[in-house]
Amino acid sequence: SILAVIFDLDGVLVHTDQYHYQAWKRMADEEGIVFDESAGDRLRGISRMESLEVILEKSSRTYTSEEKEALAAKKNGYYRELLEQLTPADAAPGSHEIIAACKLQGTKVAIGSSSRNTPVILERLGLTHLFEAVADGNEIDNSKPDPEVFLLAAKKLAIDPECCIVVEDAEAGLVAAKRAGMKSAAIGTVINSPAAADYRLHRLEELTAVIWG
Ligand code: G6P
Ligand code: MG
């Protein structure tokens with residue numbers, strides 16, 4: 001049975017996936033590097049530096065590690081500017097309802113995100129206090145598709161991985177859930193991907209039927 005839901009953050013509980021895209025796009029345009037939405041989808045769930053490496057594949061020149069650090073910092077600055085617009089009204093439709101339903105049923109809720117900006121985003125959304133555990137990019141060595149962040153969330157909850165379900169908008173996240181021995185539900189553009197997922201959701205509300213039938 002499912003005792004806990006581990007939510008990915010960006011692209012699941014909030015539309016910050018669009019902000020990531022816009023911030024990388026601004027950086028790529030300034031560098032004269034081709035970057036589009038399909039490349040953008042590859043950045044879902046992977047770390048900041050791994051994302052930069054994917055973008056630099058399209059560059060004609062090579063970058064030193066100092067230059068890479070500077071580009072990643074620049075992108076994060078643009079991203080943080082965009083995050084300043086976030087308010088509690090930006091929590092994805094259905095997120096408050098599904099979290100409330102979990103509370104009512106005694107199902108634990110956690111965050112499992114590769115983002116180092118997770119604490120800031122949760123604060124801006126006013127969601128921080130609702131989660132029994134938050135595992136994020138500040139605490140892990142390996143980001144998705146490695147299962148580390150989800151296993152850390154389960155450990156913090158003191159719930160066995162096989163009793164957890166992960167909600168993800170990234171292929172890397174679905175792979176990570178499987179490697180963690182957890183169930184998974186795909187939402188967003190990944191719903192049409194061939195990546196293994198136990199469930200596919202058009203809306204967050206559909207999770208209630210998955211968990212409680
Ligand atoms: C999430 C997003 C990724 C992003 C990663 C790191 O997993 O889906 O697109 O690269 O977080 O985000 P950060 O906020 O630490 O740069
Ligand atoms: Mg995501």
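Everything numeric here is computed off the predicted structure, so don't read it as measured data.

Would you take a moment to explain the overall build of the protein for this structure?
Counting its secondary structure elements, the protein contains nine helices and six strands. Taken over the C-alpha trace, the protein has a radius of gyration of 17 Å; the compact-globule value for 213 residues is 17 Å, and the two agree within 12%. Judged by the C-alpha coordinates and their principal axes, the protein covers about 55 × 35 × 30 Å. When each of the 213 residues of the protein is scored for burial, the buried share is 46%. Within the protein, counting contacts between residues at least 6 apart in sequence, those at least 24 apart form 60% of the total.

Explanation requested: the site of ligand 1 in the structure shown.
Lining the immediate surroundings of ligand 1 are 18 residues, of which R48, S114, S115, R116 and N117 lie closest. Partitioned by chemical class, the residues of the shell around ligand 1 number three nonpolar, 11 polar and four charged.

What is the right way to look at the environment of P119 in this model?
Relative to the assigned elements, P119 resides in helix α6 (residues 118-125). Taking the number of C-beta atoms within 10 Å as the measure of exposure, P119 has 14 and is therefore partly exposed. Distance in space between the C-alpha atoms of P119 and A135 is 9.8 Å, their sequence separation being 16 residues.

Which parts of the structure should I look at to understand helix α3 (residues 48-56)?
For an α-helix, the turn length of 3.6 residues means that residues three or four places apart are oriented alike. Among all positions in α3, only R48, S51, L52 and I55 are buried. Mapping the buried residues of α3 onto a view down its axis gives an arc of 100°, with all of them on the same face. Elements that come into contact with the buried residues of α3 comprise α1 (16-31), α2 (37-42) and α4 (65-83).

About the thresholds
- Residues numbered from 1 in each chain as written.
- Chains lettered and ligands numbered in written order.
- Predicted model: local features only at pLDDT ≥ 70, side-chain atom pairs only at ≥ 80, totals over all residues.
- Helix = DSSP H or I, 4+ residues; strand = E, 2+ residues; numbered from the N terminus.
- Rg over C-alpha atoms; globule rule 2.2 N^0.38 Å.
- Buried ≥ 20, exposed ≤ 12 C-beta atoms within 10 Å, placed from the backbone.
- Contact = placed C-beta atoms within 7 Å.
- Near = placed C-beta within 6 Å.
- Nonpolar A, V, L, I, M, F, W, Y, C, P; charged D, E, K, R; others polar.
- Arc of directions from axis to C-beta.

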